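Here is what each chain is made of, one letter per residue.
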Amino acid sequence: MRTLAIVSCILLTACGAPPSLPENFSQNTFKLDAEEGLLFEHAFSLNPTGWQLGKTQMADGALSTSEETRWAEAVLPILPTLDLAQATYTFYWESSTDPSKGQDPSALHIKLRLTEDPNRREQLSFNALTRAANNFYMFYIDPGFEMEYPHVRHPRPPRGFFSDKEVSHQFRIRISPIDHNKLSAVFNYWDKEQKAWSEFQDSKKPPKPQSFEVDIAKDLEGFSEIKAINFMFPHAAAKVTATALTRSEPSSE
């Protein structure tokens, strides 16, 4: 399947404005900050190209998996790769899920892969997990199969989220450089009442800040480039309707 080439950040800065968007896009799905340059935005009702579908499908306006499938995934390779140490990147998605399936089957796993190594059973990634649950979501760095997470947060789901399979919600992961060796990572949700991106509260006690600082050499094995985006579906419950990726230039201060 043809890989979608993301527009180079060089064009964003050289032209002073975002270039023409890739084919199969839908504008204004997500509320962006003024400084964000849109690299791509996909609405799955338009069957965007570039996605590698592993037991997944684009149907009825969403990315999903069929009823009998377990642990299906969809992967979008990122070319050229994007260096998290050079700029702020924000990944957005809109999703729904079926609460009648149960807590774990209703989950959606979201991964920003930093490796694409065929010898790794699972790739090193920034991960989020949402589901129809009242206790907690997850946000963490996953170093690979059955390895201890170097960072993990347990955001408390906003009241009423995913209580109805027909209602979708929006989320974002933002990763910003602190310096050439460290990154800051945060996971937010869109508050429909406040019409703003909001911070999660911690579901654990004592509570932790919901952002965390990342040492590239220690926590990421020296990897700092986004090489792929990955949605994983443990059961046929969650659906992704749209997704986007943006770049913000480092502050000159």
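Quick summary incoming for the structure in this document. (Residues numbered from 1 in each chain as written. Predicted model: local features only at pLDDT ≥ 70, side-chain atom pairs only at ≥ 80, totals over all residues. Heavy atoms only, no water.)

**Focus on the overall build of the protein chain**
Here is step 1 of the chain: Along the backbone of the protein chain there are two helices and 16 strands.
Here is step 2 of the chain: Taking the contacts inside the protein chain whose residues are at least 6 apart along the sequence as the reference set, 66% of them involve residues at least 24 apart.
Here is step 3 of the chain: Carbon and sulfur atoms provide 47% of the accessible area of the protein chain, an area that totals close to 12,300 Å². (Helix = DSSP H or I, 4+ residues; strand = E, 2+ residues; numbered from the N terminus. Contact = heavy atoms within 4.5 Å. Areas by Shrake-Rupley, 256 points an atom, 1.4 Å probe, with all protein chains shown as cover.)

**Quick word on the pattern of salt bridges**
Here is step 1 of the chain: For the structure shown, the criterion picks out ten salt bridges.
Here is step 2 of the chain: Connected through shared salt-bridge partners, D33, E36, R172 and R174 make up one network. (Salt bridge = Lys/Arg side-chain N within 4 Å of Asp/Glu carboxyl O.)

**Points about the environment of S184**
Here is step 1 of the chain: Secondary-structure assignment places S184 in strand 12 (residues 182–191).
Here is step 2 of the chain: Ignoring any residue separated from it by four or fewer positions in sequence, one finds S184 in contact with R174, I175, S176, I178 and F212.

**A few points about the nonpolar core**
Here is step 1 of the chain: W93, F126, F171, L220 and F231 are the most contacted members of the largest nonpolar core, which has 47 residues in total.
Here is step 2 of the chain: Setting aside anything within four residues of it in sequence, one finds L220 in contact with L114, L124, F126, I141, L183, V214 and D215.
Here is step 3 of the chain: In this structure, F30, Y92, W190 and A244 belong to the second largest nonpolar core, which totals seven residues. (Core = buried A, V, L, I, M, F, W, Y, C linked by side-chain atoms within 4.5 Å. Buried < 20%, exposed > 50% of the residue type's maximum accessible area, 1.4 Å probe, protein only.)

**Thoughts on the pairing of strand 15 (residues 225–233)**
Here is step 1 of the chain: For strand 15, the tally of buried residues reaches seven of nine residues, placing the bulk of the element in the interior.
Here is step 2 of the chain: Relative to strand 15, strand 5 (residues 72–83) runs antiparallel, the two being bridged by eight bridges. Residue pairing for strand 15: D83 is matched across the bridge by E225. (Pairing = 2+ DSSP bridges.)

**A look at unusual backbone geometry**
Excluding glycine, a negative phi dihedral is what most residues carry, and trans is how most peptide bonds are arranged.
Here is step 1 of the chain: Between L79 and the following residue, P80, the backbone shows a cis peptide bond with an omega angle of -5°.
Here is step 2 of the chain: With respect to the helices and strands, the residue P80 is situated in strand 5.
Here is step 3 of the chain: With an omega of -5°, the peptide bond between K205 and P206 qualifies as cis.
Here is step 4 of the chain: Tracing the backbone shows P206 in the loop between strand 13 (196–199) and strand 14 (212–215).

**Notes on the side chain of H151**
Here is step 1 of the chain: Along the chain, the position of H151 falls in the loop between strand 9 (138–142) and strand 10 (152–153).
Here is step 2 of the chain: The exposure class of H151 is buried, given its relative accessible area of 17%.
Here is step 3 of the chain: Side-chain polar atoms of H151 contact the backbone oxygen of E213, separated by 3.1 Å. (Polar contact = N/O pair within 3.5 Å; in protein donor to acceptor, adjacent residues only side chain to side chain.)

**Quick look at the pairing of strand 3 (residues 56–59)**
Here is step 1 of the chain: Two strands pair when backbone bridges link them, and strand 3 and strand 4 (residues 62–65) are joined in this way by four bridges, in the antiparallel orientation. The residue of strand 4 that forms the bridge with Q57 is S64.
Here is step 2 of the chain: Once strand 3 ends, the chain turns through two residues before running back antiparallel as strand 4, passing D60 with a positive phi of about 55°.

**A short note on the sheet that holds strand 8 (residues 125–130)**
Here is step 1 of the chain: Strands sit in the order 2-5-15-7-8-9-10 across an open sheet of seven strands; the sheet is antiparallel. One side of each edge strand has no neighbouring strand; the edge strands of this open sheet are strand 2 (52–54) and strand 10.

**What about the environment of E41?**
Here is step 1 of the chain: Within the secondary structure, E41 sits in strand 1 (residues 37–43).
Here is step 2 of the chain: Residue E41 is classed as buried on the basis of its relative accessible area of 5%.
Here is step 3 of the chain: One polar contact links E41 to T29, side chain to side chain, over a distance of 2.8 Å.

**Section: the packing of aromatic side chains**
Here is step 1 of the chain: Applying the stated criterion across every chain, the model contains 22 aromatic pairs.
Here is step 2 of the chain: For the pair F161 and F162, a centre-to-centre distance of 6.3 Å together with 70° between the ring planes defines the contact as edge-to-face. As far as the burial class goes, F161 and F162 line up, both buried.
Here is step 3 of the chain: With a centroid separation of 4.9 Å and 50° between ring planes, the pair formed by Y189 and F200 is classed as tilted. Here Y189 is found in strand 12, whereas its partner F200 is found in the loop between strand 13 and strand 14, with eleven residues between them in sequence. (Phe/Tyr/Trp six-rings, centres within 6.5 Å; stacked < 30°, edge-to-face > 60°.)

Take it as geometry only, folks, not as evidence of what the structure does.
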